[in-house]
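# A look at the structure
What follows is each chain in one-letter form.
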Amino acid sequence: MSRFDVIESKMKSVGLSEAAISAFRHSVQVLESKQSMLIPEADIVPAAGVEDWDSLVAATPAADADLLAQAVLIKLNGGLGTGMGLQKAKSLLEIKPGITFLDLIVRQVKSLRAAAGYPVNLLLMNSFSTSEDTMAYLARYAEDGFADADKVEMIQNRVPKLLTDTLEPVSYPANPELEWCPPGHGDIYPALVGSGWLDKLLANGVKYAFVSNSDNLGAQMDTRFLRWFAESGAPFVMEVTRRTEADKKGGHLATRAADGQPLLREVAQCPEADVADFQDINKHRFFNTNNLWIRLDALRDYLAANGGVLPLPVIRNTKTVDPRDAASPRVYQLETAMGAAIQCFTGARAVCVPRSRFFPVKTCSDLLLLRSDAVVIDDAGLMSLAPECGGVAPIVQLDAKLYKLVDSLDSLGVPSLKHVTKLTVTGSHTFAPGEPLSGEVTV
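A brief report on the enclosed structure follows. (Residues numbered from 1 in each chain as written. Predicted model: local features only at pLDDT ≥ 70, side-chain atom pairs only at ≥ 80, totals over all residues. Heavy atoms only, no water.)

Here we come to the packing of helix α1 (residues 3-13) against helix α2 (residues 18-32). Running from N to C, α1 and α2 point in directions that differ by 150°, and their axes come no closer than 11 Å. One way to sum up the angle between α1 and α2 is to call them roughly antiparallel. Considering the relative orientation of α1 and α2, their crossing is right-handed. Here Arg3, Phe4, Ile7, Glu8, Met11 and Lys12 of α1 lie close against α2, whose contacting residues are Glu18, Ala20, Ile21, Phe24, Arg25, Val28 and Glu32. Class assignment of the residues belonging to the contact of α1 with α2 gives a composition of 7 nonpolar, no polar and 6 charged. (Axes fitted to C-alpha atoms, helices over the stretch in contact; angles between N-to-C directions. Helix = DSSP H or I, 4+ residues; strand = E, 2+ residues; numbered from the N terminus. Parallel < 35°, antiparallel > 145°, perpendicular 65-115°, else oblique. Left-handed = near helix turned anticlockwise from the far one by under 90°. Contact = heavy atoms within 4.5 Å. Nonpolar A, V, L, I, M, F, W, Y, C, P; charged D, E, K, R; others polar.)

Residue pairs three or four apart in sequence face the same way in an α-helix, which turns once every 3.6 residues. Burial runs high along helix α13 (residues 364-371): 6 of the 8 residues are buried. For α13, the set of buried residues is Cys364, Ser365, Leu367, Leu368, Leu369 and Leu370. (Buried < 20%, exposed > 50% of the residue type's maximum accessible area, 1.4 Å probe, protein only.)

All right, on to empty space enclosed by the protein then. Per the stated rule, a full pass over the model turns up 3 cavities of 30 Å³ or more. Taken together, 21 residues form the lining of the largest cavity, with Ala23, Phe24, Ser27, Pro190 and Thr336 sitting closest to its centre. Going through the elements one at a time, α2, α8 (188-194) and β17 (330-335) are the ones with two or more residues in the lining of the largest cavity. Of all the elements, α2 adds the most residues to the lining of the largest cavity, at 6 residues. Residue composition of the lining of the largest cavity, by class: 13 nonpolar, 6 polar and 2 charged. (1 Å grid on protein atoms, 1.4 Å probe; cavity = no way out; pocket = protein on both sides within 12 Å on 5 of 7 lines; lining within 4 Å. Points joined across faces, edges and corners; volume = space filled by probe spheres on them.)

Looking now at the packing of aromatic side chains. Summed over the entire model, instances satisfying the criterion amount to 10 aromatic pairs. A ring pair is formed by Trp53 and Phe225, whose centres lie 4.5 Å apart and whose planes are at 20°; its orientation type is stacked. Separated by 172 residues along the polypeptide, Trp53 in helix α3 (residues 53-58) and Phe225 in helix α10 (residues 223-232) bring together distant segments of the chain. Each of the two residues, Trp53 as well as Phe225, counts as buried. Between Phe287 and Phe358, the aromatic rings sit 4.9 Å apart at their centres with planes inclined by 75°, giving edge-to-face as the arrangement. Residue Phe287 is located in strand β15 (residues 286-295), and its partner Phe358 is located in the loop between β18 (349-352) and α13; the two are separated by 71 residues in the primary sequence. Judged on exposure class, the residue Phe287 and its partner Phe358 are both buried. Taking the ring centre of Phe128 as reference, the NZ or CZ of Arg158 above it sits at 4.8 Å. Sitting over the face of the ring of Phe278, Arg243 holds its NZ or CZ atom 5.4 Å from the ring centroid. (Phe/Tyr/Trp six-rings, centres within 6.5 Å; stacked < 30°, edge-to-face > 60°. Lys NZ or Arg CZ within 6 Å of the ring centre and 35° of its normal.)

None of this, on its own, says anything about what the molecule does.
What follows is the structure in structure tokens.
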């Protein structure tokens, strides 16, 4: 048996689809070819032709019921939030008392449904790790149709870790689960195909997908932009925003010098010699928010013309099969990024959005801000900054050693932040609930 016959057999043994196997075959072929997986500065120029969100939506009326019926909101919900001390779906974190990310996602979809007079589609891409917790939580929304996995869930695939010396799938009898890894959010494309969801949505007249991370509360389906996207004819639109010093390590938008096609470059794809250029936020001004708008019929047609595979750039991570055991075998984990698909579609576009559409929760500092009065959530599940913030979110920097885990916020307390420009907490401290702070505060 060839190396890939072994890989294919392993993937089939756990029920992975032909679409997932084909996508991973492409990644392995890129690895085997020894072609560079890097995108050097010499091959790109700074992104051009980026349009302005505010200008576009100001000139566009909201989508009507017919258009909303052709839309699906897809949320990537595969993360456990282990970096914050969680052992369950990250979307089950409480943002406000008794309100989780999932509650707000449901609230947003119910609001869209009320506007459309039609059951606007919600699709959660869960992982094997988050499916059970997520669906159990959604049981409280059974009357609204959110508790039926056949109607709201798509499972993310998994792929084998490969031994660095042979590129064969690793065997690790001590813990067979560690033989597998997530394939990155670029898996959304084979997952849509292999699960049958792509065909199902298109058969039901759904053509426009808005995709975002479940932990990004700013990523809300704007009905004005939905109309603009539908009328633009663009097959793929990436929401980008202006980079700041805090974003200089994040993936940025660029233009391929050879043909003018937009592309995404992640830090793992940057040659070491070009890191200074990568982190130059005045040269490469836009970063990917991971909010994407996709024409599902264009995706279907592209896949049909390319053997069922979206040839995304491959990101190779070198690790040990057991992350806690440095002596365990060294392996490659192959990933793809869903935003990288911007380079596959002729006519793909990028739109610079306000920072308010990129509000992810990656740390306890992010979570404290959301729990404070600086962030307001309305009955439709839409998040906004309190008027006192003047449109600029306060910067929160908590002591990373003391406030890394979610439980640590219980002892810290939640002060009032709507008049704060920056809060820095070093060492242990306790705020009184709603304790008023103002300006730049260091504790």
